[in-house]
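Analysis of the macromolecular model
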Protein chains: 2
Amino acid sequence: MQDPAIEEVLQPLRESVRLQSEHVRRLKERGALKDEIVQAVVNLQIKKDDLREKEEELLRKEEPFDRFKMEDLLKRRFFYDQSFAIYGGIAGLYDYGPVGCATKANIIQLWRNHFILEDRMLEVDCSMLTPEAALKASGHVDRFCDYMVKDKKTDECFRADHLIKSHLEKKLNSGKVSEELAKEYRDILAKLDGFTWQEMQATIEKYNMKSPVTGNDLSEPLPFNLMFPTSIGPSGLVPGYLRPETAQGIFVNFKRLLQFNQGKLPFAVAQIGTGFRNEISPRQGLIRVREFTMAEIEHFVDPKNKRHPKFHYIHSYEVPLFSACNQLNGGETERHEVGEAVKAGLINNETLGYYIARVHEFLIKIGVDPRRLRFRQHLSNEMAHYATDCWDAECYTSHGWIECVGIADRSCYDLTQHSKATGVKLVAEKNLDIPRKVTGIRCIPDKRVIGMQFRGDAAVVLKHLDGMSEEERIKLAKQLENSGTVEINCNGRCFAITKDMCRTEQFSKIVHVEEFIPSVVEPSFGIGRIMYAVFEHSFRIREDDEQRTYFALPPLVAPYKCSVLPLSAQPEFEPFIECLTRSLTEMNISHKIDDSGGSIGRRYARTDEIAVPFAITIDFDTLRFPHTATLRERDSMTQVRVHLDELPAVIKVLSNGKLLWEEVTRKYPKFEQQEASRKQNGA
Amino acid sequence: MQDPAIEEVLQPLRESVRLQSEHVRRLKERGALKDEIVQAVVNLQIKKDDLREKEEELLRKEEPFDRFKMEDLLKRRFFYDQSFAIYGGIAGLYDYGPVGCATKANIIQLWRNHFILEDRMLEVDCSMLTPEAALKASGHVDRFCDYMVKDKKTDECFRADHLIKSHLEKKLNSGKVSEELAKEYRDILAKLDGFTWQEMQATIEKYNMKSPVTGNDLSEPLPFNLMFPTSIGPSGLVPGYLRPETAQGIFVNFKRLLQFNQGKLPFAVAQIGTGFRNEISPRQGLIRVREFTMAEIEHFVDPKNKRHPKFHYIHSYEVPLFSACNQLNGGETERHEVGEAVKAGLINNETLGYYIARVHEFLIKIGVDPRRLRFRQHLSNEMAHYATDCWDAECYTSHGWIECVGIADRSCYDLTQHSKATGVKLVAEKNLDIPRKVTGIRCIPDKRVIGMQFRGDAAVVLKHLDGMSEEERIKLAKQLENSGTVEINCNGRCFAITKDMCRTEQFSKIVHVEEFIPSVVEPSFGIGRIMYAVFEHSFRIREDDEQRTYFALPPLVAPYKCSVLPLSAQPEFEPFIECLTRSLTEMNISHKIDDSGGSIGRRYARTDEIAVPFAITIDFDTLRFPHTATLRERDSMTQVRVHLDELPAVIKVLSNGKLLWEEVTRKYPKFEQQEASRKQNGA
């Protein structure tokens, strides 16, 4: 994006978007006909798509990438692979093998240190099984849907929007459609994201779309809830779902967490765990799966004060921002200092800004290429109605820009919803600058009379009286005054309250604190997607040998920190291997011993493949006093000779990022022989 | 158990078990009537129960424990609590709050280091969603059931055996039953574990048992599968379950893992993850839950050679073993060296012995009280039919002895089952000492002819021919020879194979390797149960103050390694806090700052409650040069004075167990003042 040659190609496309965007704005200003505006917006979307496609095409040229080769390596060395393959496999489910699992565990540990430890967040670990009521309140039961169409004969299902898209794209790419029809198709593609099911149905009918597999007729689009349903307990009467996100577990525990934090705001709660999403037709490997690891932070703040206590640390940190405005006007991603972006109102508040900077730091640390990372602001029509501002950390991959982290200001939506559904107050308190006098109506029930009258139902009635709003209390007082009796409705049952059961009185008091529902800023990480981006960004092919592919993962993330290779199967090497592996283990350094046959070069290639950054080779020189071994670095393939007893400590600091390889090469003598033997043997 | 006073009380009970056990043996030897033997076995069980009950009663007296106080603390400081409490809660589901979650994360990290890193195991991370076919093969679909009875009016469900047990125990405890009836009840209780559903039904009817909640009639016992069912994908055609254990994910990946290990045996695979079990009526807090974290190891070995390469490390390690033999004869738990126990055949093989020792080490390290830990061998009637030997690590708690880790030799059962179900060979190879000549029949299909004849089905036919057993090939050869045509059955469809499609020939060859299905030794850890035992074993009440309760968790496991407490709210203290927290964070030391008001004594009590082992107090002396602070240890409440810049490093080595508090008290000057101020203020 920074490349001037690329910018030159993109310039006319950007200009075209900008002009069209201005045109739309002018139409709206002068109150043009709705149809005219809609058509202009569609044209704008088409121009934006053109710009995006060209941009991605140029990026692909700049960073040539062989996805087939990478996927072959990931599969061959079992980084991850399809689950239950021996049973035919299940789409959208993946198992992580030893290398993938260790990489994932390292990324999670780094996440914990980078976010939780650094900001002393409260980490929780909540149930995945979730009763329906909680997900009804959060909106997932009603709105977490995609539309699908079914093959009328085989019952095979397709996601309706995906089906339409690929049908039309195929036609467009065939080059066999008239210019007029092509325009129609592009119009639809531009509008597809906002289609109702009726519009999808009309499109499918109009162009006579069939099942892409069998050619059979298709059903109408049906809504399909993306949560996995189950039933909790033996009665079959407690419907539940597997959680679609970890966030809700935090919201329902808000009271306990606020108390744990001694009632003080702001505070942040984090959770790392599994989420589930019953995708209609999963694809794109790790990017769209049915079971995934997430890491979410819910940062609770006073809605009137979204400042962040550590904002000064990142005030002048630079981040690549693709603002909503630039998206509309065909502009580009621009680098901004976070402090300046918040001050200018580009980023809504300090807390959002703080997390954008911290997320950027984190992604770079674990191996995302900074040139293929941007923060894209949601357009107002993308955001949930309650959200204030939202930025996605997007990584560029061979699948295009993919969302890896969403950072959203969700206002007080979730707490409000759970509070409404349960009747439990989910609020924080703050001291008022000036104490305030409040007046109101108080309800004083006579528990004895109520108890005698309602027996087993007394508790329900008392709870209802206690939970009434000020408005309801005023109404109750008035009715009791007027007619001496009031009917109240508790969970669908009626109870008659009389004057002897409940007194009401006016009161006034001075209050020093104010209750409020906190806002929440939520950074939400898809660990699988982040890993996938890191794999793509770190995939390498050796210049001198097309067959030698490897992952240049940062040592911090690498699954094993070093490998230990005896040059050959000499029994004399064994005590050295044994001693070395003991010291490495004592220092918690994960390592792999490869004492198989095969040339040392071939074994270096094998250890490179699984991203091991450092290799120690024990050879005949090791047997001589003072005992030394070769230490080789994966990316540069350079080697040095180090004393055996120094090695574990050197690997330790190298692998936690506190020492760089260049410093090692300056300190220790260079070594050439073994890499030479690789060239001799071939790889 | 070691206490001679206790042994004296137990002696007659042990003797009585021993005599009865001998009696049973003699009856069996002389071929007594079945009824007579059954009655003698029931009496043996009753005597064993008496012994167990007395033993537990004495243990409870020896270790007085206030479960109510502990549960109050766990709840009040949100170690863990019921999930979805604001929605009324769901039985058997728990959320871990900040302290519980950090403790759990630490235990898991220690587990990783202790097992995976130490033995360079392959760690994997597999899907929880599991298609039915895989769990059908493992036996879970058919056999993972409990029996339940339903209240005929309200549909409330009860676990049938639990219902019978509590009904009879209540009667027995009421003291209102005749001696004869009491004997009948005790007979049933002794036999209950082995009851069929018909026997349970007969018992419920005979004693006219009703719903304990409503008094309504009960249904017949119905089998209830304990897996949570769901459906994968939109079609509703792929039934699945949430995995009941993590092990199956390892078995289905066996081929990939063996390949990753370059075909070599033995090797161990580990997985840490969630398992699900839809308990009919969960109870006992963390001990019986519906969603739980497990850590499982599958160690694959040659069934003819179950030696362990690192056995010499633990050869003379002592473990408390409660053998099957001692259980039958009223004997006690005895300490044995693992090497001696394997040699004597008490433990079946080296690999099992190795894990018993390693599990013992681990549990002690994380805070299980060694006096309340034993390894109990399964009796032959407890084990699955395929298992060779099985030992449970049991911890004694206020709920009795609870199984925390199961260590089982599962032979080659699982791989065999998945292999049968999928037709995929799950085998390893080993070199033969002496190459062997084998003869057999070979099948040579003519792909062209088969292709022309069967078109789209050709692949199915070829696959079938390729997958035939030696027996089937012999049959095929004979039939082709005799009649020139053979019908084969592929997935329920018939194909006629003729001579021109498939030639058969005799062959003989020399083989150097042999294929075999590996055996597997499986240590399986219930993390929640282990945590619960650690909480009970580390719960303490201060001698001088009944209200001050805390957890004496080992620093390795403690959720926060230290707390930082400014003596009072002086702004001068802030830069010191800031500087300290930065250094602690850089060294990855989790800590908690408590700058709330309240006396220092009260804040110490609060930090003790959540098991923080060390507290740093910043006071007015800190302001003076050289800057120092107080360091206090939780269990002894002793304090020393340490230079501020030394503190993070001291905490680091203290909290990873590499430095003991006694050494710190010897090195640094003692400090008295602040703990005194606690006494003055009260707690």
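Cut-off values and rules
- Sequence positions are assigned chain by chain, starting from 1 and proceeding in written order.
- Each chain is given a letter, starting from A, and each ligand a number, starting from 1, according to the order in which they appear as written.
- A pLDDT threshold of at least 70 governs which residues receive local features in this predicted model, and a stricter bar of 80 or more applies before side-chain atom pairs are shown or counted, although totals over entire chains, interfaces and linings include all residues.
- As a convention, hydrogens and water are excluded, and side-chain values are obtained from all of the structure's heavy atoms.
- Residue burial is assigned from relative accessible area. The probe radius is 1.4 Å, only protein chains are included, and a residue is buried under 20% of its type maximum, exposed over 50%, and partly exposed in between.
- In this description a helix means any DSSP run of H or I spanning at least four residues, a strand means any run of E spanning at least two, and both kinds are numbered starting from the N terminus.
- Here the copies were fitted onto each other by least squares, based on C-alpha atoms from residues at pLDDT of at least 70 in both.
- The criterion used for residue contact is that any of the two residues' heavy atoms lie within 4.5 Å.
- One confidence number per residue, pLDDT, is output by the predictor and ranges from 0 to 100.
- A quick way to say it: buried area is the sum, across both parts, of accessible area lost when two parts are put together, with a 1.4 Å probe.
- In the sections that follow, a salt bridge refers to a side-chain nitrogen of Lys or Arg positioned within 4 Å of a carboxyl oxygen of Asp or Glu.
- In the analysis that follows, any N or O atom pair within 3.5 Å is treated as a polar contact, provided that within protein one partner can donate a hydrogen and the other can accept it, and provided that, for residues neighboring in sequence, both atoms belong to side chains.
- As a working rule, the residues Ala, Val, Leu, Ile, Met, Phe, Trp, Tyr, Cys and Pro are called nonpolar, Asp, Glu, Lys and Arg charged, and the rest polar, with Gly in that last group.

Points about helix α22 (residues 600-609) of chain B
Residue and element names in this part refer to chain B. Counting buried residues along α22, eight of its ten residues qualify, which places the element largely inside the surrounding structure. Listing the buried residues of α22 in full gives I600, G601, R603, Y604, A605, T607, D608 and E609. A611 sits one or two residues past α22 and shows a positive phi near 70 degrees.

Observations concerning the relation of the copies chain B and chain A
For the pair chain B and chain A, the best superposition has an RMSD of 0.2 Å and corresponds to a rotation of 180 degrees with a translation of 0.0 Å parallel to the axis. Considering both components of the superposition, the chain copies are consistent with a two-fold axis. Nearest to the rotation axis, the C-alpha of T230(B) is located 2.6 Å from it, this being the minimum over chain B. Take the interface residues of chain B: 98% of them recur as interface residues in chain A, which is what a same-surface contact looks like.

Some thoughts on unusual backbone geometry
Cis geometry is found at the peptide bond from F625(A) to P626(A), where omega equals -5 degrees. For N588(A), which is not glycine, the phi torsion reads 55 degrees and is therefore positive. Mapped onto the elements, N588(A) comes out in the loop between α21 (574-586) and β25 (591-593). N588(A) gets classed as partly exposed once you look at its relative accessible area, which sits at 41%. Look at R455(B): it is not a glycine, yet its phi comes out positive at around 50 degrees. By the element assignment, R455(B) lies in the loop between α17 (447-454) and α18 (458-466).

As for the confidence of the model for chain A
Residues and elements named next belong to chain A. The share of residues in chain A with pLDDT of 70 or more is 98%, and the mean pLDDT across the chain is 92. The low-confidence segment residues 675-683 (pLDDT under 50) makes 14 contacts with residues lying over four places distant or belonging to another chain. With a pTM of 0.89, the predicted complex shows an ipTM of 0.88.

Details of the interface of chain B and chain A
Often the size quoted for an interface is simply the accessible area lost on bringing the parts together. Across the contact, 95 residues belong to chain B and 93 residues belong to chain A. Where chain B abuts chain A, roughly 7,600 Å² becomes buried across the two surfaces, and 59% of that area is made up of carbon and sulfur atoms. Residues R256(B) and D81(A) are paired through a salt bridge, measuring 3.4 Å at the closest nitrogen-oxygen approach. If you look at where chain B meets chain A, you find 36 residue pairs in polar contact (both at pLDDT 80 or more). When its residues are assigned to classes, the side of chain B that touches chain A shows 45 nonpolar, 24 polar and 26 charged.

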